[in-house]
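A look at the structure
Single-letter residue listing:
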Amino acid sequence: MRKLILMLMVIVSFAAMSQQLKRVYFFDGFAKGHVVYKNGAKYNVKLNYDANNQVMLFMQGDVMMEMTNPQQIDTVFVAGRKLVYHDNRFCEVEHLSQGRQVLIGWLIKDVYGGRTGAFGLPTQAQVIKLRAVDLIGPEHGHNMNAGMEISQYDAKSADLEVWKQKNDNTYYFVKDGVEYGVRTIKDVYKSFPAQKAQIKAYVKENKLDMMHTDKALRIVDYLMNI
């Protein structure tokens, strides 16, 4: 069964990887993990998550592959994190106060910031592509290098471009038997129109937004408690 699952993943992976956006890796390299399928089968493999294309990646020998048929997967455990497949994407399971649970549908995009010097950065031979993860702090264990390999830091291949990252996550949670999926603060107000003024005051008082993961989780936690 395990060999059959692996063969299915490998066959479709090459086609899936042919068309994609720029990769933004969630972890520092590929970490040991295991995949649990809905039929009970378990598969140990080195994993990483492409948070831009929203696909799970694994290593087959020295070859990086995309995991296919994700709807057959129950849970992915990697680097101390737990992910489940929900709403056509892998979502991280995060626990809030009072045992409540939220699913984070990670979507991290590279945003072009112009040529080096646009932000007052020095233009010199050793300046290459720069990425600043200003939206996700180390408390969430995110890869601050956004998947850049060592070779990408080689000054010989420098392109003198500045990049930063933008968080565009969707947060899924259940309140009073109803599931919500919110991505922006407008989504929050639209989902809870009767409490809009109350929520708006809370957000303003605590200087919160949906662009930073830690702040977004505080908003979701508040929503689940009102």
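Please refer to the structure placed before this passage.
Because the structure is a prediction, the values reported are computed rather than measured. (Residues numbered from 1 in each chain as written. Predicted model: local features only at pLDDT ≥ 70, side-chain atom pairs only at ≥ 80, totals over all residues. Heavy atoms only, no water.)

From N to C terminus, the protein chain includes four helices and 13 strands. For the protein chain, contacts bridging at least 24 residues in sequence account for 61% of all contacts bridging at least 6. Within the structure as shown, the protein chain displays about 12300 Å² of accessible surface, and the carbon and sulfur contribution to it stands at 54%. (Helix = DSSP H or I, 4+ residues; strand = E, 2+ residues; numbered from the N terminus. Contact = heavy atoms within 4.5 Å. Areas by Shrake-Rupley, 256 points an atom, 1.4 Å probe, with all protein chains shown as cover.)

Moving on, we get to the packing of aromatic side chains. Enumeration over the complete set of coordinates arrives at eight aromatic pairs. Taking the centre distance of 6.4 Å and the plane angle of 10° together, the rings of phenylalanine 173 and phenylalanine 192 count as stacked. Of this pair, phenylalanine 173 sits in strand 12 (residues 170–175) while phenylalanine 192 sits in the loop between helix 2 (185–191) and helix 3 (196–205), placing them 19 residues apart in sequence. Here phenylalanine 173 matches phenylalanine 192 in class, with each residue buried. (Phe/Tyr/Trp six-rings, centres within 6.5 Å; stacked < 30°, edge-to-face > 60°. Buried < 20%, exposed > 50% of the residue type's maximum accessible area, 1.4 Å probe, protein only.)

Attention shifts here to the nonpolar core. One finds Leu47, Val76, Tyr171 and Phe173 to be the most contacted residues of the largest nonpolar core, which totals 45 residues. Sort the elements by how many residues they give to this core and helix 4 (residues 213–225) lands first, with seven residues. With five residues, the next largest nonpolar core counts Val84, Val93, Leu103 and Tyr172 among its residues. (Core = buried A, V, L, I, M, F, W, Y, C linked by side-chain atoms within 4.5 Å.)

What follows is about helix 3. Of the residues making up helix 3, those classed as buried are Ile199, Tyr202 and Val203. The arc enclosing the buried residues of helix 3, seen along the axis, measures out at 100°, which places them on a common side. Pointing more than 90 degrees away from the buried face of helix 3 are the exposed residues Ala197, Lys204 and Glu205. In the core, the buried residues of helix 3 are packed alongside helix 2 and helix 4. Note on helix 3: the residue one or two positions beyond its end, lysine 207, has a positive phi of about 55°. (Arc of directions from axis to C-beta.)

One can find asparagine 53 in the loop between strand 2 (42–50) and strand 3 (55–60). According to the relative accessible area criterion, asparagine 53 is buried, its value standing at 19%. Among the polar contacts made by the side chain of asparagine 53, one reaches the side chain of aspartate 50 at a distance of 2.6 Å. (Polar contact = N/O pair within 3.5 Å; in protein donor to acceptor, adjacent residues only side chain to side chain.)

Turning to helix 4, a few remarks are in order. An α-helix turns once per 3.6 residues; consequently, residues spaced three or four apart project the same way. Here helix 4 contains 13 residues, and its C-alpha end-to-end distance of 18 Å stays within 8% of the 18 Å for a straight helix at 1.5 Å per residue. The set of residues buried in helix 4 consists of Thr213, Ala216, Leu217, Ile219, Val220, Asp221, Tyr222, Leu223 and Met224. (Expected span 1.5 Å × (residues − 1).)

Looking now at the side chain of aspartate 221. The residue aspartate 221 is located in helix 4 in this model. Despite its burial, aspartate 221 remains without a salt bridge, the nearest opposite charge being carried by arginine 100 at 5.0 Å. Here aspartate 221 is in contact with Leu96 and Ser97, once residues within four sequence places are set aside. (Lys, Arg positive; Asp, Glu negative; His and termini not counted. Salt bridge = Lys/Arg side-chain N within 4 Å of Asp/Glu carboxyl O.)

Don't take any of this as a statement about function, it's just geometry.
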